[in-house]
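# Structure at a glance
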Amino acid sequence: MTSYFLRRLAGIVPVLFISWTLIFAVLQIIPGDPVNLMLAGRPASQEVRENVRRNLGLDKPILSRYVNFLWRVVRGDLGDSYRTRQPVIREVGAQLRPTLELAAGGLLVGLVFGVSLGVLSGTRPNSWADTGSMMFALAGISMPSFWTAMLLIFFFGLKLDLFPIVGEGLPALVLPSISVGFFLVGNLARLIRSTILEVMTEDYIRTGKAKGLNHLRVVFKHALRNAMIPPVTLLGVQFALLIGGAVITETVFARPGLGQLLVTSVLNKDVPMVQALVIYTTSAYIVFNLIVDLLYGVIDPRIRDARSG
Amino acid sequence: MKRQASILLAVLLALPLVGLSTGFAQDGLTVVWGEDRSDHSTLDPRVTQSRHEEQMILQIFDPLIYRDGQDFYPGLATSWEVSDDDLSWTFQLREGVTFHDGTPFNAEAVKFTFDSIQDPELGSQGAIDVLGPYASTEILGDLEVRVNFERPYAAALSAFSETELSIVSPTAVQELGNDGFARNPVGTGPFKFVSWEAGLRVTLERNEDYNWAPAFYDHQGPSEVERVVLRFIPDTSTRVAALEAGEINIADLVTPLDLLSYQSDPDFGTMVGNVAGLPFSIMFNTTRGPLMDPLVRQAFMHAVDRPRLAENLFFGFAAPAYGPLSASTPLYWDGVESYYNYDPERAMALLEQAGWTDSDGDGVREKDGEELSLFFPSLLEPDTAVAVQAEVAKVGFDVQVENVLKARQDELIFANDYDVLVIRWVSNDPGVLIIPFHSRNIPEPGIFKFNWSRIDDPVLDQLLEDAEAATSPDERAALYQQIQQMIMDGATFFALHDQLQMVAFSSDFSGFRFAPGNWQVRFYDVTRAN
Amino acid sequence: MISNAPAREGGREGRSRARRVWRQLVMNPGAFIGALILLTLVVGAVVAPWVAPYDWKEQFVGPRLSPPSATHWFGTDLFGRDVFSRVLYGGRFSLSVGIATVLFSMIVGSLFGLFIAHFGGRIDHVGVMIIDVMLGFPPIVLAILIVAVLGVGLPNVVVAVGIAGIPRFARVVRGSTLAIKNRPFVEASQALGAGSLRVVLRHLLPSVLPTITVLATLNLAGAIISTASLSFLGLGAQPPTPEWGAMLNKSRDYMRFASWTMIFPGLALFLSVMSVNLLGDRLSEVLDPRVSKGRGD
């Protein structure tokens, strides 16, 4: 068991290393002189420009810049934003909370409605509830999140005036959470329905039913628990989708957050900020997936054995 | 199952109620301003060139001289006089003024502010131009200074009232460094800086010691407003919705349709500022491509129906503009109105004359195998770019619009990689013309300047310098007329419409007041409406 | 983790199989509706120049911001352009961009997967790691990063979203290639002197085709959304292109006064993604049950 953990942990080191290398390489070819970007059009003497160049380490050969870059990533020091001239880590830290709130809200919406609809239709296949739920789920995976967001703003924010559109606190989180979680609702509902259908045909369920156990109890005690395993493994993918959704949703709802920071940083060519955001999100994603994998291994040892083989 | 689902639903719907208690309720008056831009990078008056940053800067700082409309009032200076040779300005400074950090305001602070603007390490983008031919500041006493210029500077009075030349706390700058000060500004103004959460909000609080308000205000002493909050909400429809929901109290740059509907709504007040300075205009790059030919530039202008364009885009709120100064700017010359009026036939004839014909019938003209194609990076007013694009397409231009942000525009300007750019400027003085038309302001790689047409005309340069130095009002007026005429004849600058600041606010408040230039809004006088 | 689709043989059998798949596809009500909607949108986009009532870029063909009516079925926008004509033409951009994106991912991804699996050893090892790393980027983040380098514009968006889609195809093709490589008859033919790559290719294509088809269809839905999202963020189509995402972005300012400028382009986008999803669902049931449940990987 321990050796499995260690092996998995050691396995992500090269993955992280390659991803950082790729990011470094990509950002080397971003167009525009970093000194100009750093100065953001401020008039500056040649001397000042040389200073900036030195401070950015641009006078050194690429290899030493690369080594220096890796060292700074490991230390968590990713330099100063070109735009605000503040350490990027501070700004990323400041924008982390709203994005986590949004992701949590989206996850909640996704889990609550996704699981409910999935169970509803999985336990009553081919009923009208099943058809309705699956149509809803199909809409969930087919609606572009920015359109969902606009419709929510239009109907619930402007026409019915039920929820605030901007601001802080939970009320202002409702519409963005729905917009970011709707995709998850569709995804989870479909997944859970199909796994329930599969599980329901298994022997122990049929035995349970034959023994006269209550239908709902069977569903909850056995079917659902088993049916939840595949969705849990997919949480890593869902996390990526939530981050993607945050990019869009934060823009439409004018919410601060990492997604909006990424878009404005790209458009403003704030290279250190883009670099930091991409490194943090991918590293988090990789680590998150590892944790999910490990958890899954704990839940179901068969997987562990299969994967470590 | 159904019951479980409905319980979950009920819990979810009840969440908003829980949240209500976390919304912050404050005693005292709070004004929340919804801001249309979110890319603020400094709140240092000496550095900024952004009208959006100035919206907050002018609440925090005081200039030596205040201006309201066309009148000047004592600010941090109680009186001033100009030397006979027009080279020196002597200021008597106000007594008993302190910066928000407790530093006393004095001659030293004035000298520090102006000298530091000249320091390339600071990287001033606006103040450096506003300060003109600045030479030095002499400290004559604790509360007396003399500011010297290298040449007579006719726009000096107006310059000293600009937000960019507000006085900063020397101790705070020394303590925090320039970059630190940009994020933690310390001034003498009616509001003190509290915090700045990037992309979210800037918070100010009342300066309780403030008793040096200029005389044009309705009251004296500290403001009735306890807190000023700026919320960054770049999306217009979201900003308007936030205003209606009461989450902000005043919104800038609402759409004309919103303005129309608020004008008949008792819950809201509106203010429309007709901005002085350079109107919203196109600058033609005269150093590359088809626009090197003045005939092509003239054709472009004749192809656009400006009155109709202004009406369509602003629903009647904005007037068309014709020359390099907007009609509300002092020394505006109305002769510009007869230039380049809408005449598509003429436009087509000019293009034919210049050798551009549509030989393959695709609607786009060609010459020597080149298409009449122009690259238009658009930073402001995307709708205007689309309208212009469609107008000139009718006479055979192919305009490639790309919506850009400032960093990309900077890159394109440095690389001289654009055909058409839009410009606008808030200013109360025709002296602003030196900024986009003097050859010393042609951008170079890495150096951001505003002569985007890249006009290099020694005659025009001389006129601009003479006008800046001219001290007799008649001479000045004559020179600026000549300058405006010359710019029009050169066909390098295409004014489209007056800039409008369209502000809507909750009618629970009154006392909002435009700063000179009619863009920013001053909050000092705001009270609860009765 | 690696897909091990059993190789299916080509030839006559394959053709009759295709016919069977097609029958199974259209007999399914969901897939039938999906195909019908998609066909309508595609045909609309293709014949737009002949059937659109107005020129998509012509301004003031009607009063600006006028609601849907007999003359302007979907109303007009701020510039008095006909929204129906623009939505119709928009399909040309939004749909073709989505398809181009998937083709890009599919071709590059397949070649990459084939390449690393064929050479094996260290190349395969590094290749798999690159795939894993690329899967580690949330796709939209990766696409935005690539746009940052290439610059904005629709062609660049195709490349950006296309690159983000590469690893999924690469993984499937690699798995199938490996499976075929190790089969006895391939080894035998190698011993007989046949070029191994040619042999692999001959057996690979029929084997991965069903999986690739399903993956491509499911990816198409995502690609249409992603490219539209980038345009919506201002990174893709530039004015006056009637790309649906860009139109939706434009409609935000006047949403409350002219909801039709938001409803119809969004509906077109939604319906095209939904119809592709409906087809993809059925296709995966028929062709490759593992992909549809998201458990293939």
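### Observations regarding the overall build of chain A
Counting its secondary structure elements, chain A contains 15 helices and zero strands. Taken over 309 residues, chain A has a buried fraction of 56%. Accessible surface for chain A amounts to roughly 13300 Å². Of this, 66% is attributable to carbon and sulfur atoms.

### So, the overall build of chain B
Each helix and strand counted, chain B has 16 helices and 24 strands in total. For a compact globule of 530 residues, the expected C-alpha radius of gyration is about 24 Å, and chain B comes in at 25 Å, within 12% of that figure. The principal-axis extent of the C-alpha atoms belonging to chain B is close to 90 × 70 × 40 Å. Taken across its 530 residues, chain B has 60% of its residues classed as buried. Taking the intrachain contacts of chain B between residues at least 6 apart in sequence as the baseline, contacts between residues at least 24 apart amount to 70%. Positive and negative side-chain charges in chain B, numbering 35 and 81 respectively, have mean positions lying 5 Å apart.

### So, the sheet that holds strand β1 (residues 29–35) of chain B
Residue and element names in this part refer to chain B. The seven strands lie next to each other as β8-β9-β10-β1-β11-β20-β12, forming an open sheet whose pairing is mixed. Across the chains shown, the open sheet's two edge strands, defined by having one partner strand only, are β8 (191–197) and β12 (268–274). As defined by bridge partners, β1 adjoins strand β10 (residues 225–232) across seven bridges and the pair is classed as parallel. If you follow Val31 over to β10, its bridge partner there is Val228.

### Looking at the packing of helix α15 (residues 458–469) of chain B against helix α16 (residues 473–490) of chain B
All names here are of chain B. For the pair α15 and α16, the least separation of the axes is 9 Å and the interaxial angle reads 155°. The pairing of α15 with α16 is recorded here as roughly antiparallel in orientation. Here α15 and α16 pass one another in a crossing that is left-handed. In contact with Val459, Leu460, Leu463, Leu464, Asp466, Ala467 and Glu468 of α15, α16 contributes Arg476, Leu479, Tyr480, Gln482, Ile483, Met486 and Ile487. The class makeup of the residues in the contact of α15 with α16 is 10 nonpolar, one polar and three charged.

### Considering the interface of chain C and chain A
Counting residues at the interface gives 39 residues for chain C and 47 residues for chain A. Between the two partners, chain C and chain A, sit one salt bridge. The shortest N-O distance in the salt bridge between C:Asp281 and A:Arg190 comes to 2.6 Å. Put simply, chain C and chain A have four residue pairs in polar contact (both at pLDDT 80 or more) between them. When residues of the side of chain C that touches chain A are traced back to their parent elements, those giving at least two are α4 (121–135), α5 (139–150), α8 (196–232), α9 (244–250) and α10 (260–287) of chain C. Top element by residues in the side of chain C that touches chain A is α10(C). It accounts for 11 residues. Split into classes, the residues belonging to the side of chain C that touches chain A amount to 26 nonpolar, eight polar and five charged.

### Focus on the nonpolar core
Membership of the largest hydrophobic core comes to 215 residues, with the highest contact counts inside it found for A:Val252, B:Ile282, B:Phe300, B:Phe397, C:Ile144 and C:Leu230. Formed by 69 residues, the second largest nonpolar core is a distinct cluster that contains B:Phe112, B:Ala159, B:Trp212 and B:Phe523.

### Things to note about the side chain of B:His100
Summarising the element assignment, B:His100 is placed in the loop between β5 (88–93) and α3 (107–118). At 3.0 Å, the side chain of B:His100 and the backbone oxygen of B:Gly189 are in polar contact.

### Structural notes on the packing of aromatic side chains
Under the counting rule described, the total for this entry stands at 42 aromatic pairs over all chains. Here the aromatic rings of A:Phe24 and A:Tyr66 are separated by 5.2 Å at their centres, their planes lie at 50°, and the arrangement is tilted. On the criterion of sequence distance, the pair formed by A:Phe24 in helix α1 (residues 2–28) and A:Tyr66 in helix α4 (residues 62–75) is long-range, its members being 42 residues apart. Under the relative-accessibility criterion, A:Phe24 is labelled buried at 9%. Accessibility expressed as a relative area gives 16% for A:Tyr66, which makes it buried. Taking 5.6 Å as the distance between ring centres and 65° as the angle between the ring planes, the aromatic pair formed by B:Tyr210 and B:Tyr524 counts as edge-to-face. You can see B:Tyr210 sitting in the loop between β9 (201–206) and β10 and its partner B:Tyr524 sitting in the loop between β23 (521–522) and β24 (527–528), a full 314 residues away along the chain.

### Here's the deal with the environment of B:Leu350
All names here are of chain B. Mapping Leu350 onto the fold places it in helix α11 (residues 344–353). Under the relative-accessibility criterion, Leu350 is labelled buried at 7%. Taking the C-alpha atoms as reference points, Leu350 and His302, 48 residues apart in sequence, are found 9.4 Å from one another. Residue contacts for Leu350: discarding those within four places in its chain leaves Leu295, Gln298, Ala299 and His302.

### Some words on the side chain of B:Ser237
Looking at the element boundaries, B:Ser237 is found in helix α7 (residues 236–244). A distance of 3.0 Å separates polar atoms of two side chains, one belonging to B:Ser237 and the other to B:Asp235. Apart from residues lying up to four places away in sequence, B:Ser237 is in contact with C:Arg252, C:Asp253 and C:Met255.

### Quick notes on the pattern of salt bridges
Within the structure shown, the criterion is met by 32 salt bridges over all chains. A salt bridge links B:Arg513 to B:Asp525, with the shortest nitrogen-to-oxygen separation between them at 3.3 Å. Residue B:Arg513 is found in strand β22 (residues 513–514), and its partner B:Asp525 is found in the loop between β23 and β24; the two are separated by 12 residues along the sequence. Judged by relative accessible area, which is 4%, B:Asp525 ranks as buried. Between C:Arg86 and C:Asp77 there is a salt bridge, and its shortest N-O distance comes to 3.9 Å. Side by side, C:Arg86 and C:Asp77 carry an identical accessibility label, which is buried. If you follow the salt bridges from partner to partner, you end up with B:Asp68, B:Asp218, B:Arg513 and B:Asp525 in one network.

### Quick notes on the confidence of the model for chain B
Residues and elements named next belong to chain B. When the pLDDT values of chain B are averaged, the result is 91; 95% of them are 70 or greater. Scored below 50 in pLDDT, residues 1–26 shows 25 contacts in the model against residues more than four places distant or in partner chains. Here the predicted complex scores 0.87 on pTM and 0.86 on ipTM.

### Considerations on the sheet that holds strand β18 (residues 420–426) of chain B
Residue and element names in this part refer to chain B. Read from one edge to the other, the open sheet built from three strands follows the order β18-β13-β19, with strand pairing classed as antiparallel. The open sheet terminates on both sides in strands that have one partner only, identified here as β18 and β19 (493–497). Neighbouring strand axes in the sheet, compared pairwise and without regard to direction, differ in orientation by 30° on average. Judged from the six bridges that link them, strand β13 (residues 277–284) and β18 form a sheet pairing that is antiparallel. Paired with Ile282 across the bridge in β18 is Val422.

### Section: helix α9 (residues 294–302) of chain B
Residue and element names in this part refer to chain B. The buried fraction of α9 amounts to seven of the nine residues, a majority that puts the element mostly inside the structure. Taken together, the buried positions of α9 are occupied by Val296, Arg297, Gln298, Ala299, Phe300, Met301 and His302. Sitting at the head of α9, Asp293 places a side-chain oxygen 2.9 Å from the backbone nitrogen of Leu295.

### Topic: the interface of chain B and chain C
Each side of the interface is counted separately: chain B has 25 residues, and chain C has 18 residues. Note on chain B versus chain C: buried area summed over both sides is about 1900 Å², and carbon and sulfur give 53% of it. Linking chain B with chain C are four salt bridges, by the criterion used here. The residue B:Glu311 makes a salt bridge to C:Arg64 at a minimum N-O spacing of 3.7 Å.

### Digging into α3(B)
Each turn of an α-helix holds 3.6 residues, which means side chains three or four residues apart point in the same direction. All names here are of chain B. In this model, α3 (12 residues) spans 17 Å end to end at C-alpha, consistent with the 16 Å of a helix rising 1.5 Å per residue. Of all the residues in α3, the buried ones are Ala107, Ala109, Val110, Phe112, Thr113, Phe114, Ser116 and Ile117. Against the buried residues of α3 lie β5, α4 (127–130), β6 (134–141), β7 (144–149), α5 (156–160) and α6 (170–183). The N-cap of α3, judged by a side-chain oxygen 3.1 Å from the amide nitrogen of Glu108 a few residues on, is Asn106.

Calculation criteria
- Residues numbered from 1 in each chain as written.
- Chains lettered and ligands numbered in written order.
- Predicted model: local features only at pLDDT ≥ 70, side-chain atom pairs only at ≥ 80, totals over all residues.
- Heavy atoms only, no water.
- Helix = DSSP H or I, 4+ residues; strand = E, 2+ residues; numbered from the N terminus.
- Buried < 20%, exposed > 50% of the residue type's maximum accessible area, 1.4 Å probe, protein only.
- Areas by Shrake-Rupley, 256 points an atom, 1.4 Å probe, with all protein chains shown as cover.
- Rg over C-alpha atoms; globule rule 2.2 N^0.38 Å.
- Contact = heavy atoms within 4.5 Å.
- Lys, Arg positive; Asp, Glu negative; His and termini not counted.
- Charge placed at Lys NZ, Arg CZ, Asp CG, Glu CD.
- Pairing = 2+ DSSP bridges.
- Axes fitted to C-alpha atoms, helices over the stretch in contact; angles between N-to-C directions.
- Parallel < 35°, antiparallel > 145°, perpendicular 65-115°, else oblique.
- Left-handed = near helix turned anticlockwise from the far one by under 90°.
- Nonpolar A, V, L, I, M, F, W, Y, C, P; charged D, E, K, R; others polar.
- Salt bridge = Lys/Arg side-chain N within 4 Å of Asp/Glu carboxyl O.
- Polar contact = N/O pair within 3.5 Å; in protein donor to acceptor, adjacent residues only side chain to side chain.
- Core = buried A, V, L, I, M, F, W, Y, C linked by side-chain atoms within 4.5 Å.
- Phe/Tyr/Trp six-rings, centres within 6.5 Å; stacked < 30°, edge-to-face > 60°.
- pLDDT = per-residue confidence, 0-100.
- Buried area = accessible area lost by both parts, 1.4 Å probe.
- Expected span 1.5 Å × (residues − 1).

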